[in-house]
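# Commentary on secondary and tertiary structure
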Amino acid sequence: MTQINSKGLLRYIPGSSSILVQENSNQPLEGFSKNIRDSIKENAESAKNEVEKGHNFLHWVLTRVYEATEDDAADAIVDGANDLGIDAYLPVDFSENKIRLFQSKYGTSHSMEAIAKFKEDVKRLLKSDVTSMRPELAHLVTKIRDKNLKVECCYVTDQEVEYENEKYFEVIDIEEIIQRLWSRIKKPAAGKKSAIKLEKMLGHENTILGILKLRELTDFISKNRDYVFESNIRQWMQFKTTVNKGIRETLQNVPDKFFYYNNGITIVVSNFEEIGNNSILLHAPQIVNGAQTSNSIVDRAKRTHNLDGSITVTIIRADDEEDQNNITKYRNSQNSVRGKDLVSLMDFHKSIKSQLQNSGYFYEIQAGSFDSKTKSQQSEFQGDMIYNKYLPDNHKKVIVAKDAIQALVAGIEQRPTESYSSPAQFLPRGSKYDDVFNEKLEDEYRLLLYPYLVKEFAKNTLKYGKKGGHKTKRYATLFFVAVYFRILHKNILETKGDYKSDITKLEPIFRSFKLNSRILKLADTVVTKFLEDTVVDDEMEIANTKHNFFSHHVWNDAMLRVIDKKIIQEEDEIESIKKLISNLA
């Protein structure tokens, strides 16, 4: 693992040895890499034959690595009879001044000879008579010649390859695929460029100070919303804070005063270019301070055609990640930066976000980031057909980082009282954050997803929590999560050590909803009998309130003995479930 220095953001987060903030490391985390490999294998191996496996792999690469749409990827693939060694090409609309030709090899079909053959096939293709080609290949070669397109050759494989890339020929192996996808989630603005026009400007070293019309800011955000807020440690909180309410009122009532009342925004870029007439071309722009201001302006612009006013903007060139993180921290002062919002700066959680997105869920590591997406973007998150059964029908397929961490601590860490009484302890800056999120924790999305699903099932189906109406179970949701995992690991899987090491064994259980519902209902039976026990009544009386009982008493030695006693009473059901699990593929 890459050594982390003690500078920058690490000064402000306990446990500088944590793998979760790797300021200058661009190495993918282990769980992220595994998730990418698993995703490729799952997509390819779902095919009926070897040819279809290769086709599925290529489609995966085109849509994930090269960001082609599903339709464009389908149109781009031309492999088959008489394909002349070309499996696909991008772009399909010839809108760029270049085109990429692909050859893909999945599994054992890859060889160094195949790479050499692809290079020769491309040379022959470009010299061949189009009248003897398949229509789509003839169309392709004609466009290359007519438009004088630059041709880039891309050989892609799921194997590891040692090859020195050339100017117009590159080999994209599994390691390169993982690295490119990791770089994209770590720095989503990389490679992006956008121009912005200032009313007035003043340059100072690596900084431009300017005055920006609110309408110009609205256009800039609308064009670049997908990535421009990704480094902001506090996404739009809508109008829940006093500051945001003030922004809204100023925009509504005295927009001409907005310039005087607001501190402005800060945009960090990797580079900027003056392109004339006070216009600046921004490279990899990120609004690191002013997300609330910016989104409030955009929201107001949707409601009025008369949005006058200006705002100050500071554009800072800082390509170094440590500098960017420090600028982000020090420039945020209007609203307090809470622990859960600092989660967004962690590589660990960026990896989890990417992995959960593969399963159809939006992992909200920045407050309000899902709400700031368009309805169309939100609708892309459909969840997983089986996992959705654990969730209420109206669930938006958004998993808030704070909620998932709280459930993980209660269930996997078996610390329900601490998770219930003070979840902030386990968030960045929290005193117990490094107890959980340290170098031993793999970035495995199921560690967060499964406890979250159990918690939601408890609330939605078993009626725990405030909406359930039960006088005691309303406080017992996280306790239920802890009991469920205790039964599953100690009594069913018979785990001897750390629950985290068994997380992969849980997948067939969670994907068998009918079976897992039985385990969940077993846990509910245990919890119900526990709450009816007179020993528990006495402990609850000592605690004085139910809230205090679940905050401090419910997981002490005496209560654990009662829990285990109630579990043993369900031995027949546990044995029956164990037999069913042993038959799972």
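Predicted, not measured: the structure shown is a model, and the values here were computed from it.

A few words now on the sheet that holds strand 12 (residues 310-317). Taken in spatial order, the five strands line up as 6-7-12-8-11 in an open sheet, and their pairing is mixed. In this open sheet, the two strands that pair with only one neighbour each are strand 6 (200-204) and strand 11 (286-289). Across the sheet, the axes of successive neighbouring strands diverge by a mean angle of 30°, strand direction being ignored. Here strand 6 runs beside strand 7 (residues 207-213); their pairing, made up of five bridges, is antiparallel. If you follow Leu 202 over to strand 7, its bridge partner there is Leu 209. Helix 10 (residues 291-303) rests against strand 8 (265-269), strand 11 and strand 12 of the sheet, and its axis sits at about 115° to strand 11.

Time to look at helix 22 (residues 534-543). Listing the buried residues of helix 22 in full gives Val 536, Glu 539, Met 540 and Ala 543. Down the axis, helix 22 shows its buried residues gathered within 100° of arc, on one side only. Seen from the open side of helix 22, the exposed residues pointing more than 90 degrees away from its buried face are Thr 534, Glu 541 and Ile 542. Against the buried residues of helix 22 lie helix 21 (513-531), helix 23 (546-553) and helix 24 (557-568). N-cap assignment for helix 22: the residue whose side-chain oxygen lies 2.8 Å from the backbone N of Val 535 is Asp 533. Of the residues flanking the end of helix 22, it is Asn 544, one or two places downstream, whose phi is positive at about 85°.

Roughly 2,000 Å³ of internal volume is contained in the largest pocket. What lines the largest pocket is a set of 46 residues, and nearest its centre among them are Thr 63, Arg 64, Glu 67, Arg 184 and Gln 357. Mapped by element, the contributors of at least two residues to the lining of the largest pocket are helix 2 (50-64), strand 2 (98-105), helix 6 (174-186), helix 7 (214-228) and helix 13 (347-358). When grouped by side-chain class, the residues that make up the lining of the largest pocket number 15 nonpolar, 11 polar and 20 charged.

So, about the packing of aromatic side chains. Scanning all chains against the criterion turns up 23 aromatic pairs. With 6.2 Å between their ring centres and 65° between their planes, Tyr 390 and Phe 457 make a pair best called edge-to-face. Taken together, the residues Tyr 390 in the loop between helix 14 (375-379) and strand 14 (398-400) and Phe 457 in helix 18 (residues 446-460) connect sequence positions 67 residues apart. Assigned by exposure class, Tyr 390 and Phe 457 land together as buried. The interplanar angle of 85° and the centroid separation of 4.9 Å between the aromatic rings of Tyr 390 and Phe 513 together place this pair among those described as edge-to-face. Note that Tyr 390 is positioned in the loop between helix 14 and strand 14 and Phe 513 in helix 21, a separation of 123 residues in sequence. Taking relative accessible area as the criterion, Tyr 390 reaches 0% and is therefore assigned buried. Following the ring pairs from residue to residue traces out a cluster consisting of Tyr 387, Tyr 390, Tyr 450, Phe 457, Tyr 484, Phe 485, Phe 510 and Phe 513. In this structure, Arg 474 is placed above the aromatic ring of Tyr 475, and the distance from its NZ or CZ to the ring centre is 5.4 Å. Lying across the ring of Tyr 387, Arg 511 places its NZ or CZ 4.7 Å from the centre.

On to the sheet that holds strand 5 (residues 193-197), then. Hydrogen bonding along the main chain pairs the strands of a sheet, whether they run parallel or antiparallel. Across the sheet, three strands lie side by side as 5-10-9; this open sheet has antiparallel pairing. Among the strands making up the open sheet, the edge pair consists of strand 5 and strand 9 (271-276). On average, each strand axis in the sheet is tilted by 25° relative to the strand beside it, whichever way the strands run. Where helix 7 meets the sheet, its contacts fall on strand 5 and strand 10 (279-283), and the angle it forms with strand 5 comes to roughly 170°.

Let us look at the pattern of salt bridges. One pass over the structure, following the stated rule, counts 32 salt bridges. The partner of Asp 121 in a salt bridge is Arg 124, with the nearest N and O atoms 2.4 Å apart. You can see Asp 121 and its partner Arg 124 sitting in helix 4 (residues 112-127), three residues apart, about one turn around the helix. For Arg 124, a relative accessible area of 47% corresponds to the partly exposed category. One continuous salt-bridge network, built from bridges that share partners, spans Arg 415, Glu 418, Lys 432 and Asp 435.

With that settled, consider the environment of Asn 556. In this structure, Asn 556 sits in the loop between helix 23 and helix 24. With a relative accessible area of 26%, Asn 556 lands in the partly exposed category. Separated by 139 residues in sequence, Asn 556 and Thr 417 have C-alpha atoms that sit 9.2 Å apart. Within polar-contact distance, the side chain of Asn 556 engages the backbone oxygen of His 553 at 3.1 Å.

Now for the confidence of the model for the protein. Should the pLDDT be low somewhere, the predicted coordinates at that spot are not to be read in detail. Looking at the protein as a whole, its pLDDT mean stands at 83, while 84% of the residues score no less than 70. Mean pLDDT across the elements of the protein bottoms out in helix 12 (residues 339-342) (46) and peaks in helix 21 (97). Taken as a whole, residues 233-243 scores under 50 in pLDDT and shows 48 contacts with residues more than four places along the chain or in a different chain. Segment residues 333-345 is flagged for pLDDT under 50; beyond a separation of four residues in sequence, or across chains, it makes 46 contacts in the model.

Turning our attention to unusual backbone geometry. With an omega of -5°, the peptide bond between Leu 90 and Pro 91 qualifies as cis. Tracing the chain through its elements places Pro 91 in the loop between strand 1 (88-90) and strand 2.

We now examine the side chain of Asp 533. As for its position among the elements, Asp 533 is in the loop between helix 21 and helix 22. Taking the relative accessible area as the measure of exposure, Asp 533 reaches 12% and is therefore buried. A polar contact is formed between the side chain of Asp 533 and the side chain of Lys 566, at a distance of 2.9 Å. Sequence-distant contacts of Asp 533, that is, excluding residues within four places in its chain, are made with Val 562 and Lys 566.

Thresholds, definitions, all that
- Residues numbered from 1 in each chain as written.
- Predicted model: local features only at pLDDT ≥ 70, side-chain atom pairs only at ≥ 80, totals over all residues.
- Heavy atoms only, no water.
- Pairing = 2+ DSSP bridges.
- Helix = DSSP H or I, 4+ residues; strand = E, 2+ residues; numbered from the N terminus.
- Axes fitted to C-alpha atoms, helices over the stretch in contact; angles between N-to-C directions.
- Contact = heavy atoms within 4.5 Å.
- Buried < 20%, exposed > 50% of the residue type's maximum accessible area, 1.4 Å probe, protein only.
- Arc of directions from axis to C-beta.
- Polar contact = N/O pair within 3.5 Å; in protein donor to acceptor, adjacent residues only side chain to side chain.
- 1 Å grid on protein atoms, 1.4 Å probe; cavity = no way out; pocket = protein on both sides within 12 Å on 5 of 7 lines; lining within 4 Å.
- Points joined across faces, edges and corners; volume = space filled by probe spheres on them.
- Nonpolar A, V, L, I, M, F, W, Y, C, P; charged D, E, K, R; others polar.
- Phe/Tyr/Trp six-rings, centres within 6.5 Å; stacked < 30°, edge-to-face > 60°.
- Lys NZ or Arg CZ within 6 Å of the ring centre and 35° of its normal.
- Salt bridge = Lys/Arg side-chain N within 4 Å of Asp/Glu carboxyl O.
- pLDDT = per-residue confidence, 0-100.

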